[in-house]
Amino acid sequence: GGGGISAYFLNLLHFCVWSCCVFEQTYVFNHDSFNFNFGQAKAFLGQYKEAEEYLMAVQSEKVKADYVYLSWLAKCFIMNQKPNMAWDLYMKMDTSQESFSLLTIIANECYRTGQFYYSAKAFDVLERIEGNPEFWEGKRGACIGVFQMIIAGRESRDTLKEVFRMLRSTVNPQVEYIMRVMDRWAKANVVPVE
């Protein structure tokens, strides 16, 4: 009876809304405002692969230089297992509060997602810019995370040299102990660290 008609109209309404969205998406895909806003919305919903596609479709150099755009794109890169591309975004920026904020995003999001090498690199720079003990703690954890990934065969052994370089830049009594443990493993496994 009546339930069947209601379901029919709901399905019809759903189809119409979906059709409009697909049409608008197709029609305005080359429009920077749409791509930027839709990319942000997709990222907010955790749909990082699609979000990255929309954000990468933006053509305007003005939009691409905007910190909000860069921070969402960096987060998408990280969530899509491309932390090197997020790092490249940071490297292209001039030194500013925005570059510091982007570096903080890279450090924390890479750490949270287990991409420890780029997290360690970001925390290393943050620690050198501002001697905040939290940056040392993040760097220490990320360096140990890189070491664990090297042992597990999920990170290149050559990365250990870079980890040693980052650790040496810190004046903290914990550094000696951490490096001693890593150095013992490196010698036992014939991994050069110099």
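So, how was this worked out
Residues numbered from 1 in each chain as written. Predicted model: local features only at pLDDT ≥ 70, side-chain atom pairs only at ≥ 80, totals over all residues. Heavy atoms only, no water. Helix = DSSP H or I, 4+ residues; strand = E, 2+ residues; numbered from the N terminus. Buried < 20%, exposed > 50% of the residue type's maximum accessible area, 1.4 Å probe, protein only. Contact = heavy atoms within 4.5 Å. Axes fitted to C-alpha atoms, helices over the stretch in contact; angles between N-to-C directions. Parallel < 35°, antiparallel > 145°, perpendicular 65-115°, else oblique. Left-handed = near helix turned anticlockwise from the far one by under 90°. Nonpolar A, V, L, I, M, F, W, Y, C, P; charged D, E, K, R; others polar. pLDDT = per-residue confidence, 0-100. Phe/Tyr/Trp six-rings, centres within 6.5 Å; stacked < 30°, edge-to-face > 60°.

### Things to note about the side chain of Thr-170
Tracing the backbone shows Thr-170 in the loop between helix 10 (159-168) and helix 11 (173-188). Assessed through its relative accessible area of 8%, Thr-170 is described here as buried. When sequence neighbours within four positions are dropped, the list of residues in contact with Thr-170 reads Glu-127, Trp-136, Lys-139 and Val-175.

### Things to note about the packing of helix 10 against helix 11
Interaxial distance between helix 10 and helix 11 falls to 10 Å at its minimum, and their mutual angle equals 160°. By the angle between their axes, helix 10 is roughly antiparallel relative to helix 11. As helix 10 runs across helix 11, the sense of the crossing is left-handed. Here Leu-160, Val-163, Phe-164, Leu-167 and Arg-168 of helix 10 come into contact with helix 11, specifically with Val-175, Ile-178, Met-179, Met-182, Asp-183, Trp-185 and Ala-186. Counted by class, the contact of helix 10 with helix 11 contains ten nonpolar, no polar and two charged residues.

### Looking at the confidence of the model for the protein
Mean pLDDT over the protein: 89, with 85% of residues reaching 70 or higher. Per-element mean pLDDT across the protein ranges from 54 in helix 1 (residues 2-28) up to 98 in helix 6 (residues 83-91).

### With respect to the packing of aromatic side chains
Tallied over the full model, the rule gives eleven aromatic pairs. Seen from their ring centres, Phe-34 and Phe-38 are 4.9 Å apart, and the 15° between their planes marks the pair as stacked. Of the two residues, Phe-34 and Phe-38 are both situated in helix 2 (residues 32-44); the distance of four residues between them amounts to about one turn of the helix. Seen from their ring centres, Phe-34 and Tyr-54 are 6.2 Å apart, and the 75° between their planes marks the pair as edge-to-face. With a gap of 20 residues between them, Phe-34 in helix 2 and Tyr-54 in helix 3 (residues 48-56) connect regions that are remote in the sequence. With respect to class, Phe-34 is no different from Tyr-54; both count as buried.

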